[in-house]
Amino acid sequence: MPSKVACLGHSDTSPPQPTAQGHLQPESRMLKGQLPKPGNDLVPHPGSPPTNDGQGPEKGPVPPPDPPAAVSDEDPRAKAKPFAPKPPARPRLERALSLDEKAWRRRRFRNSHEGLATRRGSSPSRGSLQDEGPQPAAGSPPCLSASLQEIPTSRRALGGAGGSPSSWGHCISGMISTSLDLLHRDGASAGSTPRLPAVDQKVASNCLRAAGSTGKPRLQDRLFRAHSSLGPGRPPSPLACDAKSSFSLLAPIRAKDVRSRSYLEGSLLASGALMGADELARYFPDRSLALFVATWNMQGQKELPPNLDELLLPAEADYAQDLYVVGVQEGCSDRREWEVRLQETLGPHYVTLYSAAHGALYMSVLIRRDLIWFCSEVESSTVTTRIVSHIKTKGALGVSFTFFGTSFLFITSHFTSGDGKVGERLLDYSRTVQGLALPKSVPDTSPYRSDAADVTTRFDGVFWFGDFNFRLNGGRAAVEAVLAQGLGDKVSALLQHDQLTQEMRRGSVFKGFQEPDIRFLPSYKFDIGKDSYDTTSKQRTPSYTDRVMYRSRHKGDIYPVKYSSCPGIKTSDHRPVYGLFRVKVRPGRDNIPLAAGKFDRELYLIGIKRRISREMQQRQWQRAPKDQHSSAICTVS
């Protein structure tokens, strides 16, 4: 007759062995499949050889036993010693297991018809555990509850089933721990056949749905959980992994990099500096800045265009530019209103880096909000060419700053007017290049290439734009005859009479400058609100008075993309002229005075508030019912 120890050593596939009195051993039948040795899977693999539980030497095959006798009413505790099974190995992350158990006890679960699968569009009829969970293997101990049989309890079994280890750990780790503790206590007592508490099928169904829907975990998640000290029960922290943080678009900063240098003192080297190559590559992988430059003679009109989208956001450009520079001559009386309109049009993604004025000359510099940290202090200087005038309508306004390692100079000018005053305009140019005192405190990026007598040689990129007042020779009749031709033919024919083009060929003005190809009609002089040229008694000759010039210290650093005018803005006798450019930006050093993120905050808030109020009014107008009997005019009864 087999001994009691030999009965416990058999596999769960062996039939139950009777005792000397013919009674079955409930402990041996139940503990065979529930309490494996530490380190083994809780669910035995089908077809595996019998395991040795360490209670004695492994026995050979046992002959089939006699048919079981009838179960007597005698207490089995009198015939068998109480057996205290060893508890299974605890998971490595005990802290995470305790947290999961507490969270599971406090959690409120939906019923089977309100689970996660219902929200994802699956059928509510699949809410039972028997439908979702794996089926129990043949030969499973009958004393195991159906709920526990269908729950995979090892990492290997979970991985084989295709579920996510973290999802199973969240939902079932507390239930397994509690069930095994109860089994440990019930195994010592022989009052009745020990049984595991049944798990609520609604709870298990929701857990299994969540685990099954997650699919195979990503490599990044597996790497993170393997190195995390918090375990799957805690939210992941970007400090616990070496990969790029998933909580922010910013690149992580290693602690050793912070210890190696001081960011307060700055770096004289390009590598690792705020203005260095690493930061430049993050924002501009191709090292190319999108630049918008515009000039407009407002003619002193108080009325502003109802919409500036045609000027700042032309239809030819698919994307907005990184930097906007707008120069105005004979600007409106309310300069602040003009600046608010610029901010309102570009929206919250842009801030006004700097704005300056010299009499009726205005200049505004707007930059993308996330690029303001890479700008140096902005400096400005002015030159007056008409000294006797009380109102400074003629002259120049220059603004300069350094972006990363590239220095920029923007000049807007208003030269002397008159068809035959070419000499005066050349004199205005000479006074401007000699009189602008820039840069001041920001160091020159290439001082050995600079000329003390010419301000345009002290910067890497120079953009000079404004109302230069150079006219077309030959008289109005000759110009009108050319305008009657096709667009392509008329532009080239008109430029042959252009005074500025002729003087640039002689080298007497704008030395070293270039101008993009002109493919638009003359921007001066129109009747206000119309597309016709001057019909007054003066009969001024249409001309290309408004121009945009550029100069680069390094050949090929500035590339013109678009050069055109805005025929839809008709509030002045001039049409605005703008240019789109791509400018190469070089890395710089941190030894320059930075702007420290300064911008016109008050102007920014006013522009955004106007933008919001305008959008709300448009929505209300669209949603308002169109009643033919309603009227927008108030009446007094």
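Structure's up top.
What comes next is a walk through the structure.

What counts and how
Residues numbered from 1 in each chain as written. Predicted model: local features only at pLDDT ≥ 70, side-chain atom pairs only at ≥ 80, totals over all residues. Heavy atoms only, no water. Pairing = 2+ DSSP bridges. Helix = DSSP H or I, 4+ residues; strand = E, 2+ residues; numbered from the N terminus. Axes fitted to C-alpha atoms, helices over the stretch in contact; angles between N-to-C directions. Buried < 20%, exposed > 50% of the residue type's maximum accessible area, 1.4 Å probe, protein only. Polar contact = N/O pair within 3.5 Å; in protein donor to acceptor, adjacent residues only side chain to side chain. Contact = heavy atoms within 4.5 Å. Phe/Tyr/Trp six-rings, centres within 6.5 Å; stacked < 30°, edge-to-face > 60°.

**Overview of the sheet that holds strand β5 (residues 379-384)**
Strand order in the open sheet formed by 5 strands is β5-β6-β7-β8-β9, with mixed pairing between adjacent strands. The open sheet has two edge strands, β5 and β9 (546-552), and neither has a second partner. Across the sheet, the axes of successive neighbouring strands diverge by a mean angle of 15 degrees, strand direction being ignored. Bridge count between strand β6 (residues 395-403) and strand β7 (residues 406-414): 9 bridges; the pairing is antiparallel. Each bridged residue has a counterpart across the sheet, and for Gly 395 the counterpart in β7 is His 414.

**Thoughts on the side chain of Thr 406**
By secondary structure assignment, the location of Thr 406 is in strand β7. With relative accessibility at 5%, the residue Thr 406 sits in the buried group. Only 2.9 Å separates the side chain of Thr 406 from the backbone nitrogen of Arg 586, close enough to count as a polar contact. Not counting chain neighbours up to four residues away, the residues in contact with Thr 406 comprise Phe 401, Asp 460, Lys 584, Val 585 and Arg 586.

**Quick word on the packing of aromatic side chains**
Applying the stated criterion across every chain yields a total of 27 aromatic pairs. Geometrically, the ring pair formed by Tyr 324 and Tyr 350 is edge-to-face, given 5.5 Å between the ring centres and 90 degrees between the ring planes. Remark: Tyr 350 occurs in strand β3 (residues 350-358) and Tyr 324 occurs in strand β2 (residues 323-329); sequence separation between them is 26 residues. Where Tyr 429 meets Phe 510, the ring centres are 5.2 Å apart and the plane angle is 55 degrees; that geometry is what we call tilted. Of the two residues, Tyr 429 is situated in helix α15 (residues 422-435) and Phe 510 in the loop between α18 (499-506) and β9; the sequence distance between them amounts to 81 residues. On the accessibility criterion, Tyr 429 (4% relative accessible area) is buried.

Geometry only, nothing functional implied.
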